[in-house]
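Topology and contacts: notes
What follows is the residue order along each chain.
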Amino acid sequence: MGKPIRVAIVDDSALMRRMLTEALAAEPGFEVVGHAADPYEAREMIKSANPDVLTLDVEMPRMDGLTFLEKIMTLRPMPVVMVSTLTREGADATVRALELGAIDCIAKPNGAEGERFVDFRDELVGKLKVAAHVRLGPPRAKPARAKAGARGGGGRLIALGASTGGVERIRDILEVLPEGSPPILIVQHMGAFYVPSFAARLDRQSAMTVRMAESGMRVTAGEVLIAPGDRHMALRRDGFGYLCEIVDGPPVSGHRPSVDVLFNSVAEVAGANAVGVILSGMGRDGASGMAAMRAAGAWTIGESEQSCVVYGMPRMAKLGGGVAVEMPLGQIPAEMLRAAAAPAARSS
């Protein structure tokens, strides 16, 4: 067995610090190496304990979690999992934390006993395992603003999937797209509670209109539809064009919503009239769907290892033959628009 994952806990609640410690105490492969009640204590504790991963409360006295996270990512980048309350303010702050570079987030449990605690512990362990194996490199180059003349048309649409690290990448892409760009359907692995805040923040940051998808919504130029966090999103067609369908069902490729569900439906319904994009994420969700898109004539783009937080989903899509071209994040928006504006989608 390898070295244990060294975890440091930062939370102003003594009860929460104890709950987090107890959740990890019985779990093989973890060692809690420090606690702190606020960022000032945390700064000294991190220097002495040198943890592999940090859990960080969003709301704390003296310095809030977001301010501390920004300092960490600037001065000493390390994997951070945010722990937030189930409030609108907590959700907004958590999405902002993911934009700043936090690896993932988890909601504080409503109860400390029984099934709820077991579910919380299992989710915490899974997220910390992923975070501890993330390699944080130097700051990546952000995409340049796309020129209005490069915007697509002709009824093309873009389907995009992402997981760990996807929140900040999706923001970076949408920020540089011009108004009237081709419609985009997005599956981001994210808890249902956070998706409305995610969509609202992107809507404020983008020239496009960004909404959480609902069944029957039309897929139109200038709009971005994001899958709810607890149901699948698929593309459908009727006599008037494309629309999205939100469906219940078991997890696919380990996830609900699943990138594979979206990509497979796009391959079937839109074929060569689509562009597929897969960004940073753990696992293989999206690999089979992207292969289906490419086989149907869609142009497909994978984020390269050099800019990924986790080169998992793009790697599996590439190995499965689904990626037509691989490139760092900074080049993806322009390539999306170029492919969407091309006279005919390419395949190879």
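The structure we're discussing is the one just above.
Residues numbered from 1 in each chain as written. Predicted model: local features only at pLDDT ≥ 70, side-chain atom pairs only at ≥ 80, totals over all residues. Heavy atoms only, no water.

1. A look at the sheet that holds strand 3 (residues 53–57)
Pairing is parallel across the open sheet formed by 5 strands, whose spatial order is 2-1-3-4-5. If you trace the sheet from one side to the other, it starts and ends with strand 2 (30–36) and strand 5 (104–107), each paired once. Within the sheet, the average angular offset between the axes of one strand and its neighbour, ignoring direction, is 25 degrees. In terms of strand pairing, strand 1 (residues 5–10) meets strand 3 through 4 bridges, oriented parallel. Bridge pairing in strand 3 links A8 to L54. Contacting strand 1, strand 2 and strand 3, helix 2 (residues 39–49) runs over the sheet at an angle of about 145 degrees to strand 2. (Pairing = 2+ DSSP bridges. Helix = DSSP H or I, 4+ residues; strand = E, 2+ residues; numbered from the N terminus. Axes fitted to C-alpha atoms, helices over the stretch in contact; angles between N-to-C directions. Contact = heavy atoms within 4.5 Å.)

2. Observations concerning the packing of aromatic side chains
Per the stated rule, a full pass over the model turns up 1 aromatic pair. Measuring from centroid to centroid gives 5.6 Å for F193 and Y194, while their planes differ by 85 degrees, and the two rings are edge-to-face. One residue, R237, lies across the ring of Y242, its end atom 4.6 Å from the ring centre. (Phe/Tyr/Trp six-rings, centres within 6.5 Å; stacked < 30°, edge-to-face > 60°. Lys NZ or Arg CZ within 6 Å of the ring centre and 35° of its normal.)

3. What to know about the environment of P178
Take P178: it is sitting in the loop between helix 6 (166–176) and strand 7 (184–188). Note: C-alpha distance between P178 and S206 (28 residues apart in sequence) is 8.3 Å.

4. A look at the pattern of salt bridges
A side chain with one charge may pair with a side chain of the opposite charge, provided their charged atoms come close. For the structure shown, the criterion picks out 21 salt bridges. For R43, the salt bridge identified is with E44, shortest N-O distance 3.8 Å. The partly exposed category is assigned to R43, whose relative accessible area is 42%. For R169, the salt bridge identified is with E168, shortest N-O distance 3.4 Å. (Salt bridge = Lys/Arg side-chain N within 4 Å of Asp/Glu carboxyl O. Buried < 20%, exposed > 50% of the residue type's maximum accessible area, 1.4 Å probe, protein only.)

5. A closer look at helix 9 (residues 287–295)
By the burial criterion, the buried members of helix 9 are A287, G289, M290, M293 and R294. In a view along the axis of helix 9, the buried residues occupy a sector of 160 degrees, so they form one face of it. Here the buried face of helix 9 lies against strand 6 (157–162), helix 8 (259–269), strand 12 (274–278), strand 13 (299–303) and helix 10 (313–319). One or two steps after helix 9, the chain reaches G297, where phi turns positive at roughly 105 degrees. (Arc of directions from axis to C-beta.)

Keep in mind these values describe shape, not function.
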